[in-house]
Each structure stands twice: as structure tokens, then as C-alpha cells.
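Overview (structure and organization)
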Amino acid sequence: MPAMDPYTVRLSPEVHAYVQPDGGWCLNNAGFISDGESTLLVDTTATERRTRLLREAIVASGVPLPRTLVNTHHHGDHTYGNSVFVPEATVIGHDACRSEQFAAGRQLHLVWPGTDFGDIRITAPTLTYNDRLTLHVGAIEVRVIHPGAAHTIGDSIVHLPESGIVFTGDLIFEGGTPFVPMGSLAGSLRALELLRSLDATTVVPGHGPITDPSAYDTTESYLRYVTEVAREGHAEGLTPLEAARRADLGEFAKLRESERLVANLHRAYAELDGEPDGSPLDATAVFTDMAVMNGGVPVACHA
């Protein structure tokens, strides 16, 4: 198998993670939970082709196709493939996941017009919740938890308490740079405390390889670094781009998508200005600044 092919990992007799290397832009993870009679899917992927590969992987594992699909947030790399599984599956997400998905529409098409996303129909959750929701896959308890505004304003954590497994969505990028411009920097730090409280031993991040709770420490260190860079730059009257260009990434330079620093500083500056969590930023300015940080080249979709 070529190194970049998606692969399925059996985490327990009932739980599989679906990993898309290398976890860069638009290469997210998904997963599925099944007792052999019913199946719950966590997230889809960015293109029709990749979601059909996910569907094939579910069938190859010997479990039924999902009748329930939980979206961890509204971004297209996690939701564009929803339409491949409906109407057989009911799509579930946080209240804000539904509204944000409609608001975003075919946003990935606008950011990456050269990508072949396939036959994509925006398919938002038809069943939503506000704080916590408990689902059952046969006898398997699945807890869906909203951590507050973090990666987005409509994030969901999918926790399996009996097996010690958690699907974090994009609260965690294993080996990649966190990305919070559509949510909250402070809220992302609070979300890490919630994740720690779940005591899960196996962590399925939104992007990157399967990991463990040490990922929370790495993410926290980076977010606190962003907080400090923002505090200093804001106090000196620097723009987010100016602050990012003079910053020394140090240990964080090894993370994928290091250009996200400037996007995160845009959110941090908004919070320092007293803007509410998740308040809209100028997306054009954010992606333009990331292109500058990326050597003058727009960030690329790898799907």
C-alpha cells in the first residue's frame, strides 16, 4: 500500500478509525462504531471519491453501512461526503454545526477551485443538540459532547467511555498546527481540559495519526505560545502578519501547516479586542496572510 493511501485501524472489536495521511489540508480522519447490526459513522471526507473509498472500507470491515452519522464540525473536509450516506443515514451535529454548514455552503470550492470535489450536495445535520447527547449502537454507549467554541463554534467530541476512545475532531491535529480562526483560542484551551477529564487512552485526532493524551499537552503548548505572541504583538501595535513574521516558531516549526500561525493570531487579536468567540473574521485577509507565510504561495488542498 502506498504510504499516502487511507487506512483503517481497528481500535477495539467495535471501533475503527479511518486515517488519511498525511493529515494536511483536507486530509481528515473519520471512524465508525458497530455492534455488527447497526453502525455509527463519525465524519466523512472532502471529496466524493474519497468518501466512496470510506464507504468501501466500512463494507470491507464486514459491518452494515451507517444509519447514523455524527459530524464533529461543519468544515467541508469533514462534511462534504455526507450526501454519499443519506437518505439511509441520519446526520447529527451541534446546533451551530448545522447553521454554519448552511452559511459556509460550498466554501471549499471557493478556496480551492481547482480541486475535483465530485458530486457534492451540502447535507447538514437534520438532528441537532445543544450541550450533550447520548447515542447507543446496540449496547455501545456513545457520548457526543459540545466543548463550547474551540476549533469552530459548533464542535462535537465523540466519546466512547467503555473503551476509552475519543474522536476529537479538529480540536487535535496530530503532527499538524492547530487552527482556530473560526472558533476561539481561549475556548480551545478550555476544550483541552474537557478532553483530559474524559480519561480516554486512545485519541483519534481530526487530522494525523492516532495518538494518546500526550497530544493535549502538545496542543496546549502551541496555543499558549500563540497567546504570548499575540499579547506582545498586539501591545506593540503590530498586525497579525507582522507579529507572525517576526515570531520564532522554535519547537513548533516541525508541525505541518506552520503558516496557520498568522490565522491563529487573527483570532487571538480579535479576542484581545473583546470580540465574541467565533465572531466572523475577514477570511480573505486570513488566507492571504497565510499565503504570505507560505512563501507567497496559497495553501494547497491535498484531497
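Residues numbered from 1 in each chain as written. Predicted model: local features only at pLDDT ≥ 70, side-chain atom pairs only at ≥ 80, totals over all residues. Heavy atoms only, no water.

1. Structural notes on the overall build of the protein
In terms of helices and strands, the protein carries nine helices and 12 strands. Its C-alpha atoms put the protein at 60 × 40 × 35 Å along the principal axes. Here the protein, with 303 residues, has 55% of them falling under the buried criterion. In the protein, the proportion of contacts linking residues at least 24 apart, taken out of those at least 6 apart, comes to 65%. Side chains of the protein carry 21 positive and 39 negative charges; the gap between the two charge centres is 3 Å. (Helix = DSSP H or I, 4+ residues; strand = E, 2+ residues; numbered from the N terminus. Buried < 20%, exposed > 50% of the residue type's maximum accessible area, 1.4 Å probe, protein only. Contact = heavy atoms within 4.5 Å. Lys, Arg positive; Asp, Glu negative; His and termini not counted. Charge placed at Lys NZ, Arg CZ, Asp CG, Glu CD.)

2. A closer look at the pattern of salt bridges
In total, this model carries 11 salt bridges according to the counting rule given. A salt bridge links R196 to D217, with the shortest nitrogen-to-oxygen separation between them at 2.9 Å. On the criterion of sequence distance, the pair formed by R196 in helix α5 (residues 185-197) and D217 in helix α6 (residues 214-235) is long-range, its members being 21 residues apart. Ionic pairing is found between E220 and R224, a salt bridge with its closest N-O pair at 2.9 Å. Of this pair, E220 and R224 both sit in helix α6, four residues apart, roughly one helical turn. (Salt bridge = Lys/Arg side-chain N within 4 Å of Asp/Glu carboxyl O.)

3. Section: the environment of L65
Mapped onto the secondary structure, L65 falls in the loop between α1 (48-60) and β5 (68-70). Separated by 31 residues in the primary sequence, L65 and S34 place their C-alpha atoms 9.3 Å from one another.

4. Quick look at the side chain of H151
In this fold, H151 is placed in the loop between β9 (140-145) and β10 (157-160). A polar contact is formed between the side chain of H151 and the backbone oxygen of F179, at a distance of 2.7 Å. With residues up to four places along the chain from it excluded, the contact list for H151 reads H73, H75, D170, L171, F173, F179, V180, M182, G183 and S188. (Polar contact = N/O pair within 3.5 Å; in protein donor to acceptor, adjacent residues only side chain to side chain.)

5. Let's talk about the packing of aromatic side chains
Within this structure, the stated rule accounts for seven aromatic pairs. Arranged with centres 6.3 Å apart and planes meeting at 45°, the rings of W25 and F287 form a pair that is tilted. Taken together, the residues span a long stretch of sequence, with W25 in the loop between β2 (15-19) and β3 (30-34) and F287 in helix α9 (residues 283-293) at a distance of 262 residues. The class for W25 is buried, based on a relative accessible area of 8%. Ring centres 6.1 Å apart and planes at 45° place the aromatic pair Y222 and Y225 in the tilted group. Here Y225 and Y222 lie together in helix α6, a separation of three residues that amounts to about one turn. Through a chain of ring-to-ring contacts, three or more aromatic side chains come together here, namely W25, W112, F179 and F287. Taking NZ or CZ as reference, R260 lies 4.1 Å from the ring centre of W25, over its face. The ring of F179 has R260 lying over it, and the distance from NZ or CZ to the ring centre is 5.2 Å. (Phe/Tyr/Trp six-rings, centres within 6.5 Å; stacked < 30°, edge-to-face > 60°. Lys NZ or Arg CZ within 6 Å of the ring centre and 35° of its normal.)

6. Quick word on unusual backbone geometry
The linkage connecting P21 with the following residue, D22, adopts the cis geometry, with an omega of 0°. Note that D22 resides in the loop between β2 and β3. In this model, V86 is joined to P87 through a cis peptide bond whose omega is 10°. Residue placement: P87 occurs in the loop between α2 (76-79) and β6 (90-94). The phi dihedral of D43 falls on the positive side, at around 70°, and the residue is not glycine. Topologically, D43 is positioned in the loop between β4 (39-42) and α1. Phi is positive for E257, which is not a glycine, with a value near 55°. Note on placement: E257 falls in the loop between α7 (240-246) and α8 (260-272).

7. Things to note about the sheet that holds β10
Within the open sheet, the five strands sit side by side as β8-β9-β10-β11-β12. Their pairing is mixed. What marks the edges here is a single partner per strand, and that holds for β8 (132-137) and β12 (202-207). Each strand axis lies, on average, 25° off the axis of its neighbour in the sheet, ignoring direction. As paired elements, β10 and strand β11 (residues 165-173) share three bridges and run antiparallel to each other. The residue bridging H159 from the neighbouring strand is V166, located in β11. Most of the contacts of α5 go to β11, to which it runs at about 165°, and overall it touches β8, β9, β10 and β11. (Pairing = 2+ DSSP bridges. Axes fitted to C-alpha atoms, helices over the stretch in contact; angles between N-to-C directions.)

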